[in-house]
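Spelled out from the first residue to the last, the chains are:
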Amino acid sequence: MGLDLRICPACGDRAERPVVSGTTLECARCGHTWPFRKLPLFALTGPSGAGKSTLGPLLASRFGGDVVVLEQDVLWTGALRDDVPAFRAVWLRMAAMLHQNGRPVVLCGTVAPPEFEPLPERAFFSDVHYLALVGSPESLRRRLRARPAWREWDEPRIEEMLEFTAWLRTSADELGVELLDTTEVSAESAADHVEKWIRARLP
């Protein structure tokens, strides 16, 4: 069993579109089959400024070694910044590799189901659960304007994020995304909510 599920451990071929049946992978080139761990992925999403980076460390400390909590922006660099589908695919491959160690992944970052669900790497997961942190326009503006200059949150970019938030609120039911409004919620209370949401869906 290999860690990178797109690479056949028998012949070394790399699949552009993995052939998956249940929890078994098959190499389209040599026909070799091998089992893999198929776990749920947890996407803690929502607009910038809603609290994902604040909750990430709190969740990591609460789950200890049972769940791996990751910050999506760590790979938002180099060529991946110019190819968003590749950025999403790399994260799904990374999460699937971590799953082979038996620990589910919570991925903190701004993503929506239409960006994950069509990707070939989606087949590596039993489910992808989406919980979006949102906030009022006023609270998001305030938080984003307070960020350091190197994060480049100018007014047009802030308005784009508010538009994304409005779309997320109106489309959540259709997309299968649950919402948590953090406008008036403490970090600890929000962490309580997210922890319960994750634990209820662990295998």
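Use the structure listed above.
So, a few notes on the structure that sits alongside this text. (Residues numbered from 1 in each chain as written. Predicted model: local features only at pLDDT ≥ 70, side-chain atom pairs only at ≥ 80, totals over all residues. Heavy atoms only, no water.)

**Structural notes on the nonpolar core**
One finds Leu-41, Leu-44, Leu-55, Val-106, Phe-116, Phe-125 and Val-194 to be the most contacted residues of the largest nonpolar core, which totals 53 residues. Contact partners of Phe-125, with chain neighbours within four places excluded, come to Lys-38, Leu-39, Leu-41, Leu-92, Ala-95, Ala-96 and His-99. (Core = buried A, V, L, I, M, F, W, Y, C linked by side-chain atoms within 4.5 Å. Buried < 20%, exposed > 50% of the residue type's maximum accessible area, 1.4 Å probe, protein only. Contact = heavy atoms within 4.5 Å.)

**Details of the side chain of Thr-182**
Tracing the chain through its elements places Thr-182 in the loop between β8 (177-181) and α6 (187-199). Those residues in contact with Thr-182 that lie beyond four places of it in its chain are Ala-50, Leu-133, Val-134 and Arg-143. (Helix = DSSP H or I, 4+ residues; strand = E, 2+ residues; numbered from the N terminus.)

**Let's talk about helix α1 (residues 52-63)**
In a regular helix each residue adds 1.5 Å, so twelve residues correspond to 16 Å; α1 covers 16 Å between its end C-alpha atoms and thus fits that length. All of the buried residues in α1 are Lys-52, Leu-55, Gly-56, Leu-59 and Phe-63. Around the axis of α1, the buried residues are gathered within 115° of arc, so they sit on the same side. Exposed positions of α1 whose direction lies more than 90 degrees from the buried face are Pro-57 and Ser-61. Against β4 (41-45), β5 (68-71), β6 (105-108), β7 (128-134) and α6 lie the buried residues of α1. Following α1 by one or two positions, Gly-64 adopts a phi angle in the positive range, close to 60°. (Expected span 1.5 Å × (residues − 1). Arc of directions from axis to C-beta.)

**Re the pattern of salt bridges**
What the rule picks out here adds up to 13 salt bridges. Salt-bridge contacts for Arg-88 lead to Glu-115; the nearest nitrogen and oxygen are separated by 3.2 Å. Here Arg-88 is found in helix α2 (residues 84-99), whereas its partner Glu-115 is found in helix α3 (residues 113-116), with 27 residues between them in sequence. You can call Arg-88 buried: its relative accessible area is 7%. Put simply, Arg-199 and Glu-195 hold a salt bridge, and the shortest N to O gap is 2.9 Å. Of this pair, Arg-199 and Glu-195 both sit in helix α6, four residues apart, which is roughly one turn of that helix. Take Arg-199: its relative accessible area is 39%, and that puts it in the partly exposed class. (Salt bridge = Lys/Arg side-chain N within 4 Å of Asp/Glu carboxyl O.)

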